[in-house]
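Spelled out, the chains give:
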Amino acid sequence: QVPLVESGGGLVQAGGSLRLSCADSGRTFSNNAIGWFRQAPGKEREFVAGIKYSSGLTYYADSVKGRFTISRDQAEKMVYLQMNSLKPEDTAVYYCAARNGPSGVSIRTSEYDYWGQGTQVTVSS
């Protein structure tokens, strides 16, 4: 069973919005850090945003700061990524990831222990 399940991707015009959801199907979130990453064709997977699940402290890549918002709903065991003012360069497969332990959000993919299957976001110009 995949511990994290993303949803909410799709096709949107530039300037539009999408909200991605990440569901914890197990007990992955708890005191972990949760990150959203993305991978465009031919590029490495990159950090987009992260949240310390217990405290709600958030972090963003410079490329999305002011446009994307990460949040969590502890009761529903969900983490969201609200994406506004989307640009064609935001086109990628978006992944949710969870990191064990108290160390907090990391921008490094290697430091995350659980990954979802990804959801495609396509922004047309």
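Summary of the structure given here.

Criteria and thresholds
- Residues numbered from 1 in each chain as written.
- Predicted model: local features only at pLDDT ≥ 70, side-chain atom pairs only at ≥ 80, totals over all residues.
- Heavy atoms only, no water.
- Helix = DSSP H or I, 4+ residues; strand = E, 2+ residues; numbered from the N terminus.
- Buried < 20%, exposed > 50% of the residue type's maximum accessible area, 1.4 Å probe, protein only.
- Pairing = 2+ DSSP bridges.
- Polar contact = N/O pair within 3.5 Å; in protein donor to acceptor, adjacent residues only side chain to side chain.
- Contact = heavy atoms within 4.5 Å.
- Salt bridge = Lys/Arg side-chain N within 4 Å of Asp/Glu carboxyl O.

Quick word on the environment of S103
Structurally, S103 can be placed in the loop between β9 (92–99) and β10 (114–115). For S103, a relative accessible area of 57% puts it in the exposed group. Residues S103 and D73, 30 residues apart in the sequence, show an inter-C-alpha distance of 21 Å.

Brief notes about the pairing of strand β8 (residues 78–83)
The element β8 is largely enclosed, with a buried count of five among its six residues. Direction of pairing for strand β3 (residues 18–24) relative to β8: antiparallel, over a ladder of six bridges. Bridge pairing in β8 links L18 to M83. Between the end of strand β7 (residues 68–73) and the start of β8, which pair antiparallel, lie four residues, with K77 showing a positive phi angle near 55°.

Focus on the side chain of R99
You can see R99 is positioned in strand β9. For R99, the side chain forms a polar contact with the main-chain oxygen of G104, separated by 2.6 Å. Here the side chain of R99 touches E111 through a polar contact of 3.0 Å, side chain to side chain. Those residues within four positions of R99 in sequence are excluded, and the remaining contacts are N32, A33, G104, V105, S106, E111, Y112 and D113.

Structural notes on the pattern of salt bridges
The final tally for this structure, using the stated rule, is six salt bridges. Across the pair R38 and E46 runs a salt bridge, and its minimum N-O distance is 2.7 Å. Judged by relative accessible area, R38 falls into the buried class, the value being 5%. Notably, a salt bridge pairs R99 with E111, separated by 3.0 Å at the nearest N-O pair. Of this pair, R99 sits in strand β9 while E111 sits in the loop between β9 and β10, and the two are twelve residues apart along the sequence. When its relative accessible area of 27% is taken as the criterion, E111 is described as partly exposed. Through salt bridges with shared partners, a single network forms among R38, E46, R67 and D90.

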